[in-house]
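A look at the structure
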Amino acid sequence: MAHKGKEIRNPKTGQIIQFIQTQADTNGELLELITTYEAHSKEPLAHYHPHQDEYFEVLQGALTIRLGGNLQTLQPGDKIHIRKNTVHSMWNATDDKTVVAWKTIPAMDTEYLLELNTGLASDGKTNADGVPGLLQVALMMNHFDQVFRLAKPPFAVQKIVFGLLTPFALLLGYRPFYRKYLK
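Residues numbered from 1 in each chain as written. Predicted model: local features only at pLDDT ≥ 70, side-chain atom pairs only at ≥ 80, totals over all residues. Heavy atoms only, no water.

Let's shift gears to the pairing of strand β8 (residues 79–82). Along β8, the buried face is formed by I80 and I82; none of K79 and H81, which line the opposite face, is buried. Pairing analysis gives four bridges linking strand β5 (residues 53–60) to β8, with the strands arranged antiparallel. By the bridge assignment, Y55 is partnered in β8 with H81. (Buried < 20%, exposed > 50% of the residue type's maximum accessible area, 1.4 Å probe, protein only. Helix = DSSP H or I, 4+ residues; strand = E, 2+ residues; numbered from the N terminus. Pairing = 2+ DSSP bridges.)

Next comes the structure, spelled out in structure tokens:
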């Protein structure tokens, strides 16, 4: 379970996340993190958060953001507010590490999704880019669709496809989350 001071590291992406304030600390109002991106991290899949705003401030290095199809690079001291339902992705395209303060409002269960994805990567249950297999993704996207949605295909198509895959994933022993990663 996420708690103040806990740090998780995704061995596939190299991203480090330190929990500053969790859902429990803030009565669900916000999740506050410090995240570190390794040099030349890979651009993640474009996504959005249907019920949450995100706030980022670059503390060190440079952060590349794809927002509405446009690229921008933030430097130390730069801040950005990404409103709910805004498609985005962010990564470090430089030779040095990037450190970013990150707030998600409200917290909802975002911390569990972060812990789950890191746990799966640590257990070798993702590809080289840190993305789980299709059946695991189907369960995760159904379970966490209030906090995280892929930009493509359209959400209605995702619901149908992931809904059709869910029984097969459960039959094969996959779960939408695993308690062992919430320690």
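Read on, since the account is not over.
Describing two packed helices takes the angle between their axes plus the distance from one axis to the other. Here helix α2 (residues 134–143) crosses helix α3 (residues 155–171) at 115°, and the two axes come no closer than 8 Å. For the crossing formed where α2 meets α3, the hand is left-handed. Contacts between α2 and α3 involve L134, L135, V137, A138, L139, M141 and N142 on the former and, on the latter, K159, F162, G163, L165, T166, A169 and L170. Class assignment of the residues belonging to the contact of α2 with α3 gives a composition of 10 nonpolar, three polar and one charged. (Axes fitted to C-alpha atoms, helices over the stretch in contact; angles between N-to-C directions. Left-handed = near helix turned anticlockwise from the far one by under 90°. Contact = heavy atoms within 4.5 Å. Nonpolar A, V, L, I, M, F, W, Y, C, P; charged D, E, K, R; others polar.)

Moving on to α2. Each turn of an α-helix holds 3.6 residues, which means side chains three or four residues apart point in the same direction. Listing the buried residues of α2 in full gives Q136, V137, A138, L139, M140 and M141. Looking at the buried side of α2, the elements it contacts are α1 (110–122), β11 (149–150) and α3.

Right, let's talk about unusual backbone geometry for a bit. Residues I105 and P106 are joined by a peptide bond in cis, for which omega reads -10°. Note on placement: P106 falls in the loop between β10 (98–105) and α1. For the bond running from K152 to P153, omega is -5°, close enough to zero to count as cis. Tracing the backbone shows P153 in the loop between β11 and α3.

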